[in-house]
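# Commentary on secondary and tertiary structure
This is what each chain is made of:
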Amino acid sequence: MRRRHRVCHLSSRVSAPINSCALDALAPSPSPNHSQGVACSAPSSDPSADPSATSDKHAPAGGANDYSRFDDIDESDEEGDNDDKKTDATPPVPVADRLFQAGTAKAAGNDHISKGEPGPAATQYRKGITVLEDMRKAAKEAAADGLQNSSPAVLAATQEVEAHELSLSLHLNLAMAEIKLKSYGAAIKAATEALSLDERNVKALFRRGQAHRLSGGLAEAKADMTTLLSIDAANGSAKKELAVVVKKIKENKAKEKAGFANLFERAGGVYDDLEEE
């Protein structure tokens, strides 16, 4: 009767932590030796000593299968995507501005030529060519996007003509500047680009032929001058240049012939010596 009273007294104290060892002491022992060697301690007031407090402290909110802590990863990715979508593309440069820039570069190059400065002149001519190339690229991209009727990067008919003439002039002037710099390969390339824009352009043919002659390409020089004269038979500069080229070719052939003659003479002398022996 007394033991039952103690159990009731302990169970009525709901708010106090219950020592499991105390309950074990109240339960009937299966053997006399069961209670021996059992160390019981009073409930600890330190939360770290309570396994339930430790597990609750480190367990994620919402249960073991709660994955809400990963939501911020998806949200940050979506924010990044939204930021990319909000970023506006750089508006295209209007064609009129591009043409003005290229024309300004050409004028600056011509000014350097008049001052006897072919190096800075070539730099300005290349700058103008690059501006026009970028303009053409932007126009193609706008057309590919279906904006050929609304984008300021698309050339009008009159602008097409202006751009073509400006590009041709820049390449011709660049070829001239490169010849002055003795950069004959670059001059040939610039003149060839000009001929791709106008295959019957006499200035391009003359400057490419001249660059070929100065770099030793006599056959190519003769071909360019011959083509030029077929287009403009009265071109005096081309006639003089062709005469120089033809004369140089004859001189080279004469040297080659003399060289072969000397070679055969030396070879014949060797054979004569062998026969005498």
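Throughout this document, residue positions are counted from 1 along each chain, in the order its sequence is written. Side-chain atom pairs in this predicted model are given and counted only at pLDDT of 80 or more, local residue features only at pLDDT of at least 70, and totals for whole chains, interfaces and linings cover all residues. The side-chain numbers reported here are obtained from all heavy atoms of the structure, hydrogens and water having been left aside.

## A short note on the overall build of the protein chain
Numbered from the N terminus, helices here are DSSP runs of H or I no shorter than four residues, and strands are runs of E no shorter than two. Scanning the protein chain from N- to C-terminus turns up 11 helices and zero strands. In sequence order, the secondary structure elements of the protein chain are arranged as α-α-α-α-α-α-α-α-α-α-α. Only protein chains enter the accessibility calculation, which uses a 1.4 Å probe; a residue is then buried when its area is under 20% of its type maximum, exposed when over 50%, and partly exposed in between. A buried classification covers 25% of the 277 residues belonging to the protein chain. Pairs of residues are marked as contacts when any of their non-hydrogen atoms sit within 4.5 Å. For the protein chain, long-range pairs separated by at least 24 residues make up 54% of all intrachain contacts whose partners lie at least 6 apart in sequence. Surface summary for the protein chain: the accessible area is close to 19,300 Å², and the carbon and sulfur share equals 54%. For the accessible areas, the method is Shrake-Rupley and the probe is 1.4 Å, while residue cover comes only from the protein chains on display.

## Things to note about the pattern of salt bridges
Salt bridge, as applied in this entry: a Lys or Arg side-chain nitrogen positioned within 4 Å of an Asp or Glu carboxyl oxygen. Going through the model one piece at a time under the given rule, you end up with five salt bridges. Here K115 and D111 are joined by a salt bridge, their closest N and O atoms 3.2 Å apart. Ionic pairing is found between R136 and E160, a salt bridge with its closest N-O pair at 2.7 Å. With R136 in helix α6 (residues 118–144) and E160 in helix α7 (residues 157–180), this pair connects stretches of sequence that are 24 residues apart. With relative accessibility at 34%, the residue E160 sits in the partly exposed group.

## Overview of the nonpolar core
Only buried residues count toward a nonpolar core. Its members are Ala, Val, Leu, Ile, Met, Phe, Trp, Tyr and Cys residues joined through side-chain atoms within 4.5 Å. Judged by nonpolar contacts, the single largest core of 20 residues is most densely connected at L99, Y125, L132, M135, L155, L170 and L174. Going through the elements one at a time, α5 (95–114), α6, α7 and α8 (184–197) are the ones with two or more residues in this core. Those residues in contact with L174 that lie beyond four places of it in its chain are A122, Y125, R126, I129 and A190. Membership of the second largest hydrophobic core comes to 12 residues, among which are L168, A194, A204 and F206.

## Points about the side chain of R207
Looking at where R207 falls in the secondary structure, it is placed in helix α9 (residues 202–214). In this tally Asp and Glu are treated as negative and Lys and Arg as positive; neither His nor the chain ends contributes. E241 is the oppositely charged side chain nearest to the buried, salt-bridge-free R207, at an N-O distance of 11 Å. When sequence neighbours within four positions are dropped, the list of residues in contact with R207 reads L172, N173, A175, M176 and I179.

## Describing the packing of α7 against α9
At their nearest, the axes of α7 and α9 sit 10 Å apart, and the two run at 20° to each other. The pairing of α7 with α9 is recorded here as roughly parallel in orientation. Along this stretch, α7 crosses α9, giving a crossing that reads as left-handed. Contacts from L172, N173, A175, M176 and I179 of α7 reach α9 at K203, A204, R207, Q210, A211 and L214. For the contact of α7 with α9, the residue count by class is seven nonpolar, two polar and two charged. Geometry is summarised by axes, namely lines fitted to C-alpha atoms with helices restricted to the contacting stretch, and by angles between N-to-C directions that run from 0 to 180 degrees. Orientation categories follow fixed angle ranges, with anything under 35 degrees roughly parallel, anything over 145 roughly antiparallel, 65 to 115 roughly perpendicular, and all other angles oblique. By convention the crossing between two helices is left-handed if the near helix lies anticlockwise of the far one by an angle smaller than a right angle, and right-handed if it lies clockwise. Only Asp, Glu, Lys and Arg are considered charged in this grouping, and only Ala, Val, Leu, Ile, Met, Phe, Trp, Tyr, Cys and Pro are considered nonpolar; every other residue, Gly among them, is considered polar.

## Some thoughts on the confidence of the model for the protein chain
A score from 0 to 100, pLDDT tells how confident the predictor is in each residue. Per-residue confidence for the protein chain gives a mean pLDDT of 76, with 60% of residues at or over 70. Note on residues 29–60: pLDDT is under 50 here. Beyond four places in sequence and across chains, it has 12 contacts.

## With respect to unusual backbone geometry
Of note in the backbone geometry, K182 takes a positive phi value of approximately 65° without being a glycine. Positionally, K182 belongs in the loop between α7 and α8. Looking at K182, the relative accessible area reads 63%, which means it is exposed.

## Considerations on α6
By this rule, a helix spans an expected 1.5 Å times one less than how many residues it contains. A rise of 1.5 Å per residue sets the reference length of α6, with its 27 residues, at 39 Å; its end C-alpha atoms lie 39 Å apart and thus fit the reference within 8%. G146 occupies a position one or two residues after α6 and carries a positive phi of about 75°.

## Section: the packing of α6 against α7
The N-to-C vectors of α6 and α7 enclose an angle of 150°; their axes lie 9 Å apart at closest approach. With respect to each other, α6 and α7 are oriented roughly antiparallel. For the element pair α6 and α7, the recorded crossing hand is left-handed. Along its contact with α6, which presents P118, A122, Y125, R126, G128, I129, L132, M135 and R136, the element α7 presents E160, A163, H164, L166, S167, L170, H171, N173, L174, A177, E178 and K180. For the contact of α6 with α7, the residue count by class is 11 nonpolar, five polar and five charged.

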